[in-house]
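Close look at the chain arrangement
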Amino acid sequence: MNILVVGGGGREHAVIKSLRKNPSVGTIWCLPGNGGIARDAECVPIKATDLTGITDFAKAHPVDFAVVTPDDPLCLGLVDELEALHIPCFGPRKNAAIIEGSKVFSKELMKKYGIPTADSRVFSDADAALSYLKTCGYPVVVKADGLALGKGAVIADNFEEAKSAVGKMMVDKIFGESGSRVLVEEFLTGPEVSVLSFTDGNVVVPMVSSMDHKRALDGDLGLNTGGMGTIAPNPFYTPEIAKICMQTIFLPTIEAMRKEGRTFRGCLYFGLMLTPQGPKVIEYNCRFGDPETQVVLPLLKSDLFTVMQACRNGTLKEDMVSFSKGAACCVVLASEGYPGQYRTGYEITLPEEAPWEEIYIAGAKISNGKLVTAGGRVLGAAATGETLKEAVRRAYSLAERIGFENAYKRSDIGARALRALGEE
Ligand code: AMP
Ligand code: GLY
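This is a predicted model, so every value here is computed, not measured.

1. Some thoughts on unusual backbone geometry
Of note, the bond from Y138 into P139 is cis; its omega dihedral lies within 30 degrees of zero at 0°. Here D290 and P291 are connected by a cis peptide whose omega angle stands at 15°. By the element assignment, P291 lies in the loop between β17 (278–285) and α10 (293–296). Notably, K173 is not glycine yet its phi reads approximately 55°, a positive angle. The topology assignment puts K173 in the loop between α8 (159–171) and β9 (182–186). Among the residues examined, K173 registers a relative accessible area of 33% and is labelled partly exposed. For D220, which is not glycine, the phi dihedral falls at a positive 55°. With respect to the element layout, D220 can be found in the loop between β13 (215–217) and β14 (221–224). Looking at D220, the relative accessible area reads 35%, which means it is partly exposed.

Given below as structure tokens:
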């Protein structure tokens, strides 16, 4: 079986390493991939958003199955186009990917079907948003409707901050059309949990829970990033809470999408907040999370390709998916300055004995035969262990041994989870 994987980050590297475990998998093409993924797949320099380039490639090669993981091509309808070429895909069609592509859509879906989430109002006019923001209580969360590279949510502590966010999104259009509509949302509190799930549109099977560390600096301070590290499982997500989430969030969402004629197949990501009133949805993603995937897939005991095929074929069963009892931690090495300005082009030195299966390359390319940095998030060092403490220790020990000039990492990935477990 020859597989086409679309994307080129740490998440895609994790998906490819996992797919490789299946002996029936032959060639894996990764579009565009990156300099590190090139060790595990044939990388082809076609951008994930170049739908014509991707479909032309698919027509010219013997592709048996496609896996589309980034949000943009999913929301642009790449799965629909590949399916029109009779290529089976893992990933939702455009009409289902909207669950991430439009926060107004997902909010209305949750309201209509009684799925717990933060209260919110939608504005398509900046003046109307500002008059509301003058009278509401603070903090509030201002969110752009559309995709915004994970930077579309601003927690505003006062009117001035909210006004500035509305100005940037609706007037300056820093996210383009994504900011044509904004949501002003109630500020929720509580631990955050990421739950990725496999679904074939009817059956939904949650994966092991995880915790992202989105802020740039230790102590969850600094700017929001694409994710500076992850751990799994998330200790705040108890079996009781998992049960509540299944009944009040996961199943109702899958059913709601089906009822709306938008059957969702693929990986549905639930971004949850465990509030004092119970678990609520902060956001849906129509795909695997990054860097959650780098801790979730190493714990997957089942064969990823078989599960992906079952999601596509409508034959998913709960007992097809099982996870190891242990824990995992991923520490992201970024370029100093990220998510702001940063320099790239520095050689990455991997220690001789470094276990390649524990390294997930995100932003690197091959230059003059050397692997050099080429992005904000450069790579993830991820390890598993019998306990979270061991996984964290092993991930940091690996991260310490990987070097490049200007490298930056947080030093407290997993610390909050270990405190919650009393294992500091
Ligand atoms: P999002 O872009 O929706 O993923 O939001 C980014 C981050 O903003 C989330 O991971 C939360 O930490 C925070 N956030 C989003 N919505 C809310 C909310 N209603 N209340 C509190 N924090 C939020
Ligand atoms: N880690 C969060 C995301 O992938 O959006």
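2. Notes on the nonpolar core
The biggest cluster of nonpolar side chains holds 46 residues, and the ones touching the most others in it are L4, I99, F250 and L272. At 6 residues, helix α9 (residues 239–259) tops the list of elements feeding residues into this core. Ranked by size, the runner-up nonpolar core spans 42 residues in total, among them F65, F198, A232 and V321.

3. With respect to the site of ligand 2
Close to ligand 2 lie D212, G226, Y269, N285, R287, G289, D290 and E292. Contact distances for ligand 2 include 2.9 Å between a nitrogen atom and a side-chain N or O atom of D212. Contact distances for ligand 2 include 3.0 Å between an oxygen atom and a side-chain N or O atom of R287. Residues that form the shell around ligand 2 fall into these classes: 1 nonpolar, 3 polar and 4 charged.

4. Let's talk about the sheet that holds β17
One open sheet holds the 4 strands; their spatial order is β11-β10-β16-β17, and the pairing between them is antiparallel. Every other strand in the sheet has two partners, leaving β11 (204–206) and β17 as the edge strands with one partner each. In this sheet, adjacent strand axes meet at a mean angle of 35° when their direction is disregarded. Pairing analysis gives 3 bridges linking strand β10 (residues 192–199) to β11, with the strands arranged antiparallel. Along β11, the bridge assignment pairs F198 with V205. Sheet strands touched by α9: β10, β11, β16 (266–275) and β17. Its angle to β16, the strand with the most contacts, is close to 130°.

Parameters at a glance
- Residues numbered from 1 in each chain as written.
- Chains lettered and ligands numbered in written order.
- Predicted model: local features only at pLDDT ≥ 70, side-chain atom pairs only at ≥ 80, totals over all residues.
- Heavy atoms only, no water.
- Helix = DSSP H or I, 4+ residues; strand = E, 2+ residues; numbered from the N terminus.
- Buried < 20%, exposed > 50% of the residue type's maximum accessible area, 1.4 Å probe, protein only.
- Core = buried A, V, L, I, M, F, W, Y, C linked by side-chain atoms within 4.5 Å.
- Near = heavy atom within 4 Å.
- Polar contact = N/O pair within 3.5 Å; in protein donor to acceptor, adjacent residues only side chain to side chain.
- Nonpolar A, V, L, I, M, F, W, Y, C, P; charged D, E, K, R; others polar.
- Pairing = 2+ DSSP bridges.
- Axes fitted to C-alpha atoms, helices over the stretch in contact; angles between N-to-C directions.
- Contact = heavy atoms within 4.5 Å.

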